[in-house]
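# Secondary and tertiary structure notes
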Amino acid sequence: MIKYIFITGGVASSLGKGLTGAALGRLLKSRGHKITMQKLDPYINVDPGTMNPFEHGEVFVTEDGGETDLDLGHYERFIDENLTKRSNATTGSIYSNVIEAERQGTFLGKTVQVIPHITDEIKRHIFALGQAPETSDSKKFTPPDVVITEIGGTVGDIEILPFLEAIRQFRLEVGRENVCYVHLTLVPYIAPSGEQKTKPTQHSVTELRSRGIQPDVIVCRSTEPVSDGIREKISRQCDVPTENVINMADAKNIYEIPLLLHKDGFDSVVCKILGLSGTASLEEWYELCQTTEELTEKVKIGVIGKYIDLVDAYLSVVESLRHGGFHNRCAVEIEWISSDDPKDFDINRLSQLDGMVIPGGFGERGIEGKVLAAKFARENNLPCLGLCLGMQAMTIEYARNVLGLSGANSTEFDSKTEHPVIDLMETQKDVTQKGGTMRLGAYEAKLDRKSQVREIYRSDIVEERHRHRYEFNPKYSKKFDDGNFVCSGKSPDGKLVEFIELASHPYWIGTQAHPEFTSRPNRPAPLFLAFIEATISQKSLFQKSVA
Ligand code: GLN
């Protein structure tokens, strides 16, 4: 029997439900259970693919091409499993399915309502994660032992109600012993009175109960751990045993969270509720956290982006850089450099860097700043990693400044450019609909035998996730073939350029893919690992030359 854990949040948003779920997933996996996770988001967008990163943070792309919530990135990094698009649903996608079924006559003339039709669809979505996907060979599918479902938003929101109703009903359907409700709440510290306060938790639990859900475990988010007295108070007021009130004080580093929660008995309590056995073997995770404490090197990496006011827009990029850092015992300091206004673009700041990443993005704004940054990196032997739009900016830069193709651009930014070195992919030319229509998900690339990327990946064929509509224009391949610029990885049919590099540069590598989506703390993405290594050696070379 599959066990189901539901994570809800109260009092305020952004408390870290995603990380709590991801950490719990890690702990249960370390006890030998097979885990899968999902996020149900109450907003109306069908998926986050069309949402502005300024507002919603990064769009995380799954292997099968789902454009999903960034929490799925946390899940994958913590439980070290590839999830699929089935792991994210929204009010929008749930309603779309129900409305489509209604149009097909599935409900046989019945009035279609939130209860039972929407709630049934939500439950179907939760059940589906425990079942073989319709598309794949069902023999290959092994069902999970535990499905962890995070409900986005906050208890008390209007749009969360159908989700709470669905998870309430769910317990009756699968049996009490198979469901555990975890509620994450804020315990604020009020400085003038010098006290931590439980009232917001009480209110939030009252709200949850008014929807028929009594939490089994309460996780307290606070700046400092809550005292035993507070724990007892919450236990009494909210009707949960004291040991089920778990501390989750601010952590120095997100990868510590599983260990902190484990120390407070979170996984033991959840396992007791669900009748799950096993002891946590967390040696690898302890080692990882130990490493994060013993970083002897330090590098300063510039991220040249336009969404820098909300750093969550580059969440996976930052995590991948940190992963590369951990494995080199190197702390990565991020310098956020806005690519917005080319006139104000501060070249001086670039000379303070040990390396730069030019991340992905959409739309014209910021592109000229990215091109300038790419030029600086190329001319100064500064390690530079271009991701998707970053690679496109590097291509434009090289075309303009080395190949003399003045005005070279991407047709995304200048449809009339004389030199469209980046152009809309053939397969995208008839696409008019937004949302789920880009080239999405994992695709293979074949690497050039003598290239830097081949050396980095140590494999002829690699697979990375994608999310783009434009590509290196193959009509310009010959022009770029100058003995230095190398199209070092291509799609297996040889048509699409997936990697570029410069033979003369220690690390000036661009990829049409997003390797940041597959990096894990214990297994950094090869391009990021090699990038950090390159920044460390460039830094020491520079120091030697100054000395
Ligand atoms: N806007 C570019 C494209 O669609 C790059 C996309 C990205 O960086 N993810 O090809």
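Our subject in this report is the structure included herewith. None of the values given here were measured: they were computed from a predicted structure.

Another aspect to go through is the packing of helix H4 (residues 91-103) against helix H5 (residues 114-128). With their axes 10 Å apart at the nearest point, H4 and H5 run at an angle of 115° to one another. As the angle between them shows, H4 and H5 are arranged roughly perpendicular. For the pair H4 and H5, the sense of crossing is right-handed. Mapping the contact onto sequence places Ile94, Tyr95, Asn97 and Val98 in H4 and Val114, His117, Ile118, Glu121, Ile122, Arg124 and His125 in H5. A class-by-class count of the residues in the contact of H4 with H5 yields six nonpolar, three polar and two charged.

Here we come to the packing of aromatic side chains. Considering all chains together, one arrives at 21 aromatic pairs under this definition. With 4.5 Å between their ring centres and 35° between their planes, Phe127 and Phe170 make a pair best called tilted. Placement of the pair is Phe127 in helix H5 and Phe170 in helix H6 (residues 161-174), with a sequence separation of 43 residues. A relative accessible area of 22% means that Phe127 is categorised as partly exposed. Feature note: the residues Tyr4, Phe6, Phe127, Phe170 and Tyr181 constitute an aromatic cluster, connected by ring pairs. For the cation-ring pair, Arg439 lies above Tyr443, with the distance from its terminal atom to the ring centre recorded as 4.1 Å.

What follows is about helix H7 (residues 199-210). Taking 1.5 Å as the rise per residue, H7 with 12 residues should run 16 Å; its terminal C-alpha atoms sit 16 Å apart, in good agreement. Restricting attention to buried positions, one finds in H7 the residues Thr201, Ser204, Val205 and Leu208. Projected onto a plane normal to the axis of H7, the buried residues spread over an arc of 100° and lie on a single side.

Spatially, S16-S17-S20 is the arrangement adopted by the three strands of the open sheet, whose pairing is mixed. Among the strands making up the open sheet, the edge pair consists of strand S16 (409-410) and strand S20 (470-472). Sheet strands touched by helix H15 (residues 389-401): S16, strand S17 (420-424) and S20. Its angle to S17, the strand with the most contacts, is close to 150°.

Right, let's get into the site of the ligand. The local shell around the ligand consists of Gly360, Gly361, Phe362, Cys388, Leu389, Gln392, Glu412, Arg467, His468, Arg469, Tyr470 and His514. Within the side chain of Gln392, an N or O atom sits 3.1 Å from an oxygen atom of the ligand. Within the backbone of Arg469, one N or O atom sits 3.0 Å away from an oxygen atom of the ligand. When isolated, the ligand has an accessible area of 300 Å², and the protein chains bury 98% of it. Elements represented by at least two residues in the shell around the ligand include exactly H15 and strand S19 (461-468). When the residues that make up the shell around the ligand are grouped by side-chain class, the tally is four nonpolar, five polar and three charged.

On to a negative patch on the surface. Residues Glu63, Asp64, Glu444 and Glu463 make up a contiguous surface patch of negative charge. Assignment of secondary structure puts Glu463 in strand S19. With a relative accessible area of 44%, Glu463 lands in the partly exposed category.

Within the secondary structure layout, Ile230 lies in helix H8 (residues 228-238). Residue Ile230 is classed as buried on the basis of its relative accessible area, which comes to 10%. Through-space distance from the C-alpha of Ile230 to that of Thr198 is 7.1 Å; in sequence the pair is 32 residues apart. Beyond its immediate sequence surroundings of up to four residues, Ile230 is in contact with Val187, Gln196 and Thr198.

Turning our attention to the pairing of strand S23 (residues 508-511). If a strand is regular, its side chains alternate between the two faces of the sheet. Because side chains alternate across S23, one face comprises the buried residues Trp508 and Gly510, and the other comprises Ile509 and Thr511, equally buried. Linking strand S22 (residues 497-502) back to S23 in an antiparallel pair, the connection comprises five residues.

To continue, consider the side chain of Glu397. Looking at the element boundaries, Glu397 is found in helix H15. In this structure Glu397 touches Val371, Ala374, Lys375, Arg378, Val402 and Trp508, once residues within four positions along its chain are discounted.

Moving on to unusual backbone geometry. Pro116 follows Ile115 through a cis peptide bond whose omega is 15°. Relative to the assigned elements, Pro116 resides in helix H5. Of note, the phi angle at Arg329 is positive, near 50°, even though the residue is not glycine. By the secondary structure assignment, Arg329 is in the loop between helix H12 (315-326) and strand S13 (330-338). For Arg329, a relative accessible area of 37% corresponds to the partly exposed category.

How each quantity is defined
- Residues numbered from 1 in each chain as written.
- Predicted model: local features only at pLDDT ≥ 70, side-chain atom pairs only at ≥ 80, totals over all residues.
- Heavy atoms only, no water.
- Axes fitted to C-alpha atoms, helices over the stretch in contact; angles between N-to-C directions.
- Helix = DSSP H or I, 4+ residues; strand = E, 2+ residues; numbered from the N terminus.
- Parallel < 35°, antiparallel > 145°, perpendicular 65-115°, else oblique.
- Left-handed = near helix turned anticlockwise from the far one by under 90°.
- Contact = heavy atoms within 4.5 Å.
- Nonpolar A, V, L, I, M, F, W, Y, C, P; charged D, E, K, R; others polar.
- Phe/Tyr/Trp six-rings, centres within 6.5 Å; stacked < 30°, edge-to-face > 60°.
- Buried < 20%, exposed > 50% of the residue type's maximum accessible area, 1.4 Å probe, protein only.
- Lys NZ or Arg CZ within 6 Å of the ring centre and 35° of its normal.
- Expected span 1.5 Å × (residues − 1).
- Arc of directions from axis to C-beta.
- Pairing = 2+ DSSP bridges.
- Near = heavy atom within 4 Å.
- Polar contact = N/O pair within 3.5 Å; in protein donor to acceptor, adjacent residues only side chain to side chain.
- Areas by Shrake-Rupley, 256 points an atom, 1.4 Å probe, with all protein chains shown as cover.
- Patch = residues over 30% accessible without salt bridge, like charges linked within 9 Å, V, L, I, M, F, W, Y side chains within 5 Å.
- Salt bridge = Lys/Arg side-chain N within 4 Å of Asp/Glu carboxyl O.
- Lys, Arg positive; Asp, Glu negative; His and termini not counted.
- Charge placed at Lys NZ, Arg CZ, Asp CG, Glu CD.

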